[in-house]
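# Structural overview
Spelled out from the first residue to the last, the chains are:
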Amino acid sequence: DAGVIQSPRHEVTEMGQEVTLRCKPISGHNSLFWYRQTMMRGLELLIYFNNNVPIDDSGMPEDRFSAKMPNASFSTLKIQPSEPRDSAVYFCASSLTGRSGNTIYFGEGSWLTVV
Amino acid sequence: AQSVTQLGSHVSVSEGALVLLRCNYSSSVPPYLFWYVQYPNQGLQLLLKYTSAATLVKGINGFEAEFKKSETSFHLTKPSAHMSDAAEYFCAVSDSGSARQLTFGSGTQLTVLP
């Protein structure tokens, strides 16, 4: 079975450019998460969708960041304009919520470098 | 509010030695607890999870963890370390309410010495 699929795996972009990260969750999962990982701050939850609806975006750092989930099989995280401090690994993850405990499955990550 | 504390950001063990990675949690409700492993340049992979069934949970790659409510701990162990166990390990907690997010610890980097 395919896991969570993220693209691009690596991106290097210049400051001020728009960056769009893409995610395809595991088929049938109804929750989707975007995380950011840096050496300084560790793993941070940016936003959480349930049934394609954003439930908690309190982790989104600022208005330059936006996320959408137009359907159950696709989500994007956009940074516009990008800044060097946005350099990080961005993980998408998905799960099927239920009472048996929520196993969250992670993608391989998108490694972003803003120069 | 839930939280997780991982004691020791770096742990080194010799190959064949016991691995012990410590995790203490705080939760106002019975928690779900997880251990994830992250190999270099990869995403996080679930090692094991506790969901209020057996207190001793066995996971992949020979790892296991014991839920101790009295100590609010969920330490990860493996009897004999292998070189391939070198990775970063994350403990995480989730409450059993409607919010389904995980709260991750800061991670423990495990180094296995030959």
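This report concerns the structure included in the present document.

## As for the overall build of chain B
Regarding its fold elements, chain B presents zero helices and 11 strands. The order of helices and strands in chain B, counted from the N terminus, is β-β-β-β-β-β-β-β-β-β-β. Relative to the globule expectation of 13 Å for 114 residues, the C-alpha radius of gyration of chain B, 14 Å, shows essentially globular dimensions. Summarising its shape, the C-alpha atoms of chain B cover approximately 45 × 30 × 20 Å along the three principal directions. Classification of the 114 residues of chain B by burial places 44% in the buried group. By sequence separation, contacts in chain B at least 24 residues apart represent 57% of the contacts at least 6 residues apart. A total of about 5,200 Å² of accessible surface is found on chain B, and carbon and sulfur atoms cover 52% of it. Distance between charge centroids for chain B: 7 Å, based on 7 positive and 7 negative side chains.

## Here's the deal with the pairing of strand β11 (residues 110–114) of chain A
Along any regular strand the residues' side chains alternate between the sheet's two faces. Residues and elements named next belong to chain A. Every second residue of β11 is oriented toward a common face, the buried set being S110, L112 and V114 and the non-buried set W111 and T113. In this structure, strand β2 (residues 10–13) lies alongside β11, joined through four bridges in parallel fashion. What sits directly across from H10, in β11, is W111.

## Describing the state of the cysteines
For the coordinates displayed, the defined rule picks out two disulfides over all chains. Here C23 of chain A connects covalently by a disulfide to C92 of chain A, the sulfurs 1.9 Å from one another. Negative torsions about the S-S bond denote left-handed disulfides, and the value of about -70° found for C23 of chain A with C92 of chain A makes this one left-handed. With C23 of chain A in strand β3 (residues 19–24) and C92 of chain A in strand β9 (residues 88–95), this residue pair connects regions lying 69 residues apart in the sequence. Judged by its relative accessible area of 0%, C92 of chain A is buried. Across the disulfide, C23 of chain B is cross-linked to C91 of chain B (sulfur-sulfur distance 1.9 Å). Taking the torsion about the S-S bond as the criterion, the C23 of chain B to C91 of chain B disulfide, at about -65°, is left-handed. Placement of the pair is C23 of chain B in strand β3 (residues 19–26) and C91 of chain B in strand β9 (residues 87–94), with a sequence separation of 68 residues. Here C23 of chain B and C91 of chain B have matching classes, each one buried.

## Things to note about the interface of chain B and chain A
If you look at the interface, chain B gives 17 residues, while chain A gives 21 residues. When chain B packs against chain A, close to 1,700 Å² is buried across both sides, 53% of that on carbon and sulfur atoms. Our enumeration of links across chain B and chain A arrives at zero salt bridges. Remark: the boundary between chain B and chain A carries two residue pairs in polar contact (both at pLDDT 80 or more). Looking at the side of chain B that touches chain A, the elements that each hand over two or more residues are β4 (32–38), β5 (44–50) and β9 of chain B. Per element, the largest residue contribution to the side of chain B that touches chain A is four residues, and it comes from β4 of chain B. Considered class by class, the residues forming the side of chain B that touches chain A number eight nonpolar, seven polar and two charged.

## Description of the nonpolar core
The nonpolar side chains of soluble globular proteins are, as a tendency, buried together. Formed by 27 residues in total, the largest nonpolar core has its most connected members in W35, L48, F74, L76 and Y89 of chain B. Counting only elements with at least two residues in this core, the list comes to β2 (10–14), β3, β4, β5, β7 (64–68), β8 (73–78), β9 and β11 (108–113) of chain B. The next biggest cluster of nonpolar side chains, apart from the first, holds 21 residues, and it includes V19, L46, F49 and C92 of chain A.

## Quick notes on the pattern of salt bridges
By the definition in use, this model includes 10 salt bridges over all chains. Bridged by salt links that share partners, the residues E62, R64, E83, R85 and D86 of chain A form one connected network.

Definitions and limits used
Residues numbered from 1 in each chain as written. Chains lettered and ligands numbered in written order. Predicted model: local features only at pLDDT ≥ 70, side-chain atom pairs only at ≥ 80, totals over all residues. Heavy atoms only, no water. Helix = DSSP H or I, 4+ residues; strand = E, 2+ residues; numbered from the N terminus. Rg over C-alpha atoms; globule rule 2.2 N^0.38 Å. Buried < 20%, exposed > 50% of the residue type's maximum accessible area, 1.4 Å probe, protein only. Contact = heavy atoms within 4.5 Å. Areas by Shrake-Rupley, 256 points an atom, 1.4 Å probe, with all protein chains shown as cover. Lys, Arg positive; Asp, Glu negative; His and termini not counted. Charge placed at Lys NZ, Arg CZ, Asp CG, Glu CD. Pairing = 2+ DSSP bridges. Disulfide = S-S within 2.5 Å. Buried area = accessible area lost by both parts, 1.4 Å probe. Salt bridge = Lys/Arg side-chain N within 4 Å of Asp/Glu carboxyl O. Polar contact = N/O pair within 3.5 Å; in protein donor to acceptor, adjacent residues only side chain to side chain. Nonpolar A, V, L, I, M, F, W, Y, C, P; charged D, E, K, R; others polar. Core = buried A, V, L, I, M, F, W, Y, C linked by side-chain atoms within 4.5 Å.

The values reported here are purely geometric and, on their own, carry no functional implication.
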